[in-house]
Amino acid sequence: MKTSTLLAAVAAAALTLGAGPALAKKQLVIVVKGLDNPFFEAINQGCQKWNQENADSEYECFYTGPASTSDEAGEAQIVQDMLGKADTAAMAISPSNAKLIAQTLRTSSPTVPIMTIDADLAEEDSDLRLTYLGTDNYLMGKRIGEYIAEAKPDGGTVCTIQGNPGADNILRRAQGMRDALSGEEGLPALAGEGGWTEVAGCPVFTNDDGARGVQAMTDILAANPDLDAFGIMGGWPMFGAPQPYRDLIGPFADRIANNDFVVGAADTIGDQVAIAGEGLVTALVGQRPFEMGYLAPTVMIDLIEGKTVEDPVFTGLDECTKDTVDTCIQK
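Procedures and definitions
Residues numbered from 1 in each chain as written. Predicted model: local features only at pLDDT ≥ 70, side-chain atom pairs only at ≥ 80, totals over all residues. Heavy atoms only, no water. Axes fitted to C-alpha atoms, helices over the stretch in contact; angles between N-to-C directions. Helix = DSSP H or I, 4+ residues; strand = E, 2+ residues; numbered from the N terminus. Left-handed = near helix turned anticlockwise from the far one by under 90°. Contact = heavy atoms within 4.5 Å. Nonpolar A, V, L, I, M, F, W, Y, C, P; charged D, E, K, R; others polar. Parallel < 35°, antiparallel > 145°, perpendicular 65-115°, else oblique. Pairing = 2+ DSSP bridges. Core = buried A, V, L, I, M, F, W, Y, C linked by side-chain atoms within 4.5 Å. Buried < 20%, exposed > 50% of the residue type's maximum accessible area, 1.4 Å probe, protein only. 1 Å grid on protein atoms, 1.4 Å probe; cavity = no way out; pocket = protein on both sides within 12 Å on 5 of 7 lines; lining within 4 Å. Points joined across faces, edges and corners; volume = space filled by probe spheres on them. Expected span 1.5 Å × (residues − 1). Polar contact = N/O pair within 3.5 Å; in protein donor to acceptor, adjacent residues only side chain to side chain. Disulfide = S-S within 2.5 Å.

Undergrad: I'm lost on the packing of helix α5 (residues 137–151) against helix α6 (residues 168–182) in this one. Help?
TA: A pair of packed helices is characterised by two quantities: the angle between their axes and the separation of those axes. Between α5 and α6, whose axes approach to 6 Å, the crossing angle comes to 40°. In this structure, α5 meets α6 at a crossing whose hand is right-handed. The segment α5 lies against α6, with Asn137, Tyr138, Met140, Gly141, Lys142, Gly145, Glu146, Ile148 and Ala149 engaging Asn169, Arg172, Arg173, Gln175, Gly176, Met177, Asp179, Ala180 and Leu181. Classifying every residue of the contact of α5 with α6 gives seven nonpolar, six polar and five charged.

Okay, here's the thing in structure tokens:
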């Protein structure tokens, strides 16, 4: 090898070694209830959109969670593990089990800013996070209840389909629905207030499983053939098992059209808006998960920098009926 060529090669190698590996970005971690839920995938899409638009940032939005939304312990373990990583700069958590996540945070004593997204901690544990970003879940449930009450102003029998029994956001929605139907606040169950009664076996907790939700509705209808309404606090039966849902509710389409049978449901994910257009749900009250995922990194950076951040930060609602499916989703 010629001397000049050898020197050039040595110089190039020295430059390469001197540069070292690219510095890892600081992680703005979003931990969701489970990766098997299309709602949370929409949050991920918002997170990735932020990354695309902020490629030169020292921060990176990092999305994670357990494989299944029913794995409450798995989510808590991920929170603990990510808080132990040196590159975690802040964290946004959607607690599947609010009490378990609160316990995890108290044990971990995080040194980085913590916020909640989509679902909050219980009010008595709110000191563990700096803000909540997401839906006004009480208002969401109240709007579902108002749609049900408007369709059947004289009341009737109702069953509430819920997700994880420890999920604070779902419990707040259910309370909002009860308050709207009863005209009272804080009732743990309806027993004739406002003309509405919750049937035996309800609420049903489905752990956010679509097929389980449809099966629960099937069982409730079999036991209560004169049931007047379902209040579904998450869209799991529709976006998680759309065809079984259609098969179950299809025979009720005329009754839904006549407000003889009412289905008020949360979310506008997957097939849900199409199902509304088919007249198989009275009304949908939807969240804005993409917006949550897109805004979360900016909110976390503001918290890191010590800026004033409102608590809560609400992302609004979309409301869909058969007559508004073409225009009901925020663009």
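Continuing now.
Undergrad: So what exactly am I meant to see when it comes to the packing of helix α7 (residues 210–223) against helix α9 (residues 242–249) here?
TA: At a minimum axis distance of 10 Å, the contact between α7 and α9 shows a crossing angle of 15°. Classified by the angle their axes make, α7 and α9 are roughly parallel. In terms of crossing hand, the pair formed by α7 and α9 is left-handed. Side by side, α7 and α9 meet where Val214, Met217, Thr218 and Leu221 of the first sit next to Pro244, Tyr245, Leu248 and Ile249 of the second. When grouped by side-chain class, the residues that make up the contact of α7 with α9 number seven nonpolar, one polar and no charged.

Undergrad: What's the story with the sheet that holds strand β5 (residues 132–134) in this structure? I'm lost.
TA: Two pairing modes exist for strands in a sheet, parallel and antiparallel, and in both the strands are linked by backbone hydrogen bonds. If you walk across this open sheet you meet the six strands as β2-β1-β3-β4-β5-β12, and the pairing is parallel. Looking along the sheet, the strands with just one partner apiece sit at the ends: β2 (59–64) and β12 (313–314). Strand direction decides the pairing type here: strand β1 (residues 26–31) and strand β3 (residues 88–93), joined by five bridges, are parallel. Note that in β3 the partner of Gln27 across the bridge is Thr88.

Undergrad: Hey, could you run me through the nonpolar core in this one?
TA: Within soluble globular proteins, side chains that are nonpolar tend to cluster in buried spots. Ranked by size, the top nonpolar core spans 47 residues in total, and within it Leu28, Ile30, Ile117, Ile148 and Met300 carry the most contacts. The dominant element in this core, judged by the number of residues it contributes, is helix α12 (residues 289–304), at six residues. If sequence neighbours within four positions are ignored, Leu28 has contacts with Trp50, Tyr59, Glu60, Cys61, Phe62, Ala89, Ala90, Pro297, Met300, Ile301 and Ile304. Residues Val204, Val263, Leu280 and Cys328 belong to the second largest nonpolar core, which totals 31 residues.

Undergrad: Can you help me understand the layout of surface pockets in this one?
TA: By rolling a water-sized probe across the atoms, one finds the places where empty space is left. Its boundaries defined by the atoms lining it, the largest pocket holds a volume of some 310 Å³. In terms of lining residues, the largest pocket is bounded by 16 residues, among which Ile256, Asn259, Thr282, Thr321 and Lys322 are the most central. Sorting the residues of the lining of the largest pocket by element identifies α5 and α10 (253–257) as the ones contributing at least two each. Of the pockets and cavities examined, the second largest pocket occupies roughly 250 Å³. Along the walls of the second largest pocket sit 14 residues, with Gln287, Arg288, Pro289, Phe290 and Glu291 positioned nearest its centre. Secondary structure elements with two or more residues in the lining of the second largest pocket: α2 (38–53) and α12. The residue makeup of the lining of the second largest pocket, split by class, is six nonpolar, four polar and four charged.

Undergrad: Just to check I follow, could you spell out α2 for this structure?
TA: Two residues of an α-helix separated by three or four positions point the same way, owing to the 3.6 residues in each turn. A rise of 1.5 Å per residue sets the reference length of α2, with its 16 residues, at 22 Å; its end C-alpha atoms lie 23 Å apart and thus fit the reference within 8%. Those residues of α2 that sit buried are Phe39, Phe40, Ala42, Ile43, Asn44, Gly46, Cys47, Trp50 and Asn51. Close packing links the buried residues of α2 with β1, β2, β4 (114–117) and α12. The residue sitting at the N-terminus of α2 and contributing the capping side-chain oxygen is Asn37; that oxygen lies 2.8 Å from the backbone nitrogen of Phe39.

Undergrad: Is there a simple way to explain the state of the cysteines in this structure?
TA: Joining two cysteines, a disulfide is a covalent bond between their sulfur atoms. Evaluated as defined, the whole model comprises three disulfides. With its sulfur 2.1 Å from that of its partner, Cys47 forms a disulfide with Cys61. Measuring handedness by torsion sign, the sulfur bridge of Cys47 and Cys61 sits at about -125° and is left-handed. Residue Cys47 is found in helix α2, and its partner Cys61 is found in strand β2; the two are separated by 14 residues along the sequence. Neither Cys47 nor Cys61 differs from the other in exposure class; each is buried. For the protein chain, the bonded cysteines connect in the pattern 1-2, 3-4, 5-6 when numbered consecutively along the sequence.

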